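A closer look at the structure
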Amino acid sequence: MVLAGVALFNPAEDAGSNPENMAQRLEAIQLCVQLAQDVNALSTENETALHGSAYLGDTAIVEFLVAQGAKLDVKNDRGWTPLMIANGVAYAEFYKEQPEVAATLRRLMTARGLSIENQIGDQVTCKDCYQTRGKEAFHRMERDRELQADQDVFGSSLINKV
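Residues numbered from 1 in each chain as written. Predicted model: local features only at pLDDT ≥ 70, side-chain atom pairs only at ≥ 80, totals over all residues. Heavy atoms only, no water.

Within the protein chain, the regular secondary structure consists of six helices and two strands. When the helices and strands of the protein chain are read in sequence order from the N terminus, they spell out α-α-α-α-β-β-α-α. Summarising the internal contacts of the protein chain: among those between residues at least 6 apart in sequence, 64% fall at separations of at least 24. When the accessible surface of the protein chain is summed, it comes to about 9300 Å², and 54% of that surface belongs to carbon and sulfur atoms. (Helix = DSSP H or I, 4+ residues; strand = E, 2+ residues; numbered from the N terminus. Contact = heavy atoms within 4.5 Å. Areas by Shrake-Rupley, 256 points an atom, 1.4 Å probe, with all protein chains shown as cover.)

Here it is in structure tokens:
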């Protein structure tokens with residue numbers, strides 16, 4: 001699902017995050033499902049595609065994922081559910097609410113007998129901010145450097161074979 005663009009690196013600048021790109025994003029997600037990708041697969045931050053769609057704010061993607069079996073109450077590594085995210089969280093240096101997605105998630109959760117109580121996230125701790133998550137940010141930065149180094153080695157070995 002990450003390849004379908006549901007995961008965000010920077011929601012303000014990430015390619016395809018703009019409203020005019022949502023139809024193509026939904027098509028990519030539908031293709032992933034057709035190719036038997038798991039809608040409940042977890043990212044390295046224990047987020048599912050539904051978490052990503054809550055950040056994006058697209059109700060059509062939320063409805064589709066839930067229709068395909070996406071779990072509504074999965075918590076990421078910060079303890080945030082998709083509804084908590086839609087209700088408003090700080091990430092990538094700004095605060096964002098997705099009220100239409102929050103209403104959709106509340107409706108879907110209620111219809112499935114899931115609690116919508118206590119679904120307000122930690123609105124102080126920023127998802128990606130160094131100021132409030134310094135130790136975690138440092139470890140993620142180190143992990144990213146290692147991944148980039150591995151990618152550089154792999155890429156150069158491919159170039160040498162060509």
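Next comes the rest of the write-up.
Close contact between helix 3 (residues 59-67) and helix 5 (residues 99-111) brings their axes to 9 Å; oriented N to C, the two are set at 25°. In this view, helix 3 runs roughly parallel relative to helix 5, as classed from their interaxial angle. The way helix 3 lies across helix 5 gives a crossing that is right-handed. Along its contact with helix 3, which presents Thr 59, Val 62, Glu 63 and Val 66, the element helix 5 presents Glu 100, Val 101, Thr 104, Leu 105, Arg 107 and Leu 108. Counted by class, the contact of helix 3 with helix 5 contains five nonpolar, two polar and three charged residues. (Axes fitted to C-alpha atoms, helices over the stretch in contact; angles between N-to-C directions. Parallel < 35°, antiparallel > 145°, perpendicular 65-115°, else oblique. Left-handed = near helix turned anticlockwise from the far one by under 90°. Nonpolar A, V, L, I, M, F, W, Y, C, P; charged D, E, K, R; others polar.)

Attention shifts here to the nonpolar core. Ranked by size, the top nonpolar core spans 28 residues in total, and within it Leu 50, Ile 61, Val 62, Leu 65, Leu 72 and Leu 105 carry the most contacts. Counting residues per element, the ones that place at least two in this core are helix 1 (22-34), helix 2 (49-56), helix 3, helix 4 (82-87) and helix 5. (Core = buried A, V, L, I, M, F, W, Y, C linked by side-chain atoms within 4.5 Å. Buried < 20%, exposed > 50% of the residue type's maximum accessible area, 1.4 Å probe, protein only.)

A few words now on the pattern of salt bridges. This model, assessed by the stated rule, comprises three salt bridges. Salt bridges linked by common partners bring Glu 45, Asp 77 and Arg 78 together as one network. (Salt bridge = Lys/Arg side-chain N within 4 Å of Asp/Glu carboxyl O.)

Below, the discussion takes up the side chain of Asn 40. Tracing the backbone through its elements, the reader meets Asn 40 in the loop between helix 1 and helix 2. Judged by its relative accessible area of 18%, Asn 40 falls in the buried class. Here the side chain of Asn 40 touches Lys 71 through a polar contact of 2.7 Å, landing on its backbone nitrogen. (Polar contact = N/O pair within 3.5 Å; in protein donor to acceptor, adjacent residues only side chain to side chain.)

The end-to-end C-alpha distance of helix 5 is 18 Å, a good match for the 18 Å that 13 residues give at a rise of 1.5 Å each. Taken residue by residue, helix 5 has Val 101, Ala 102, Thr 104, Leu 105, Leu 108 and Met 109 as its buried positions. For helix 5, the arc enclosing every buried residue in end-on projection is 165°, short of the 170-degree limit, so these residues lie on one face. Opposite the packed face of helix 5, turned more than 90 degrees from it, sit the exposed residues Glu 100 and Ala 111. The inward-facing, buried residues of helix 5 contact helix 2, helix 3 and helix 4. (Expected span 1.5 Å × (residues − 1). Arc of directions from axis to C-beta.)

Okay, helix 1 next. Helix length check: helix 1, at 13 residues, gives a terminal C-alpha distance of 18 Å against a target of 18 Å (1.5 Å per residue), a fit within 8%. Of all the positions in helix 1, only Met 22, Arg 25, Leu 26, Ile 29, Cys 32 and Val 33 are classed as buried. Down the axis of helix 1, the buried set is contained in an arc of 115°. They therefore lie on one face. Turned more than 90 degrees off the buried face of helix 1, the exposed positions are Glu 27 and Gln 34. Those residues of helix 1 that are buried are in contact with helix 2 and helix 3. Directly after helix 1, the chain includes Ala 36, whose backbone phi takes a positive value near 70°.

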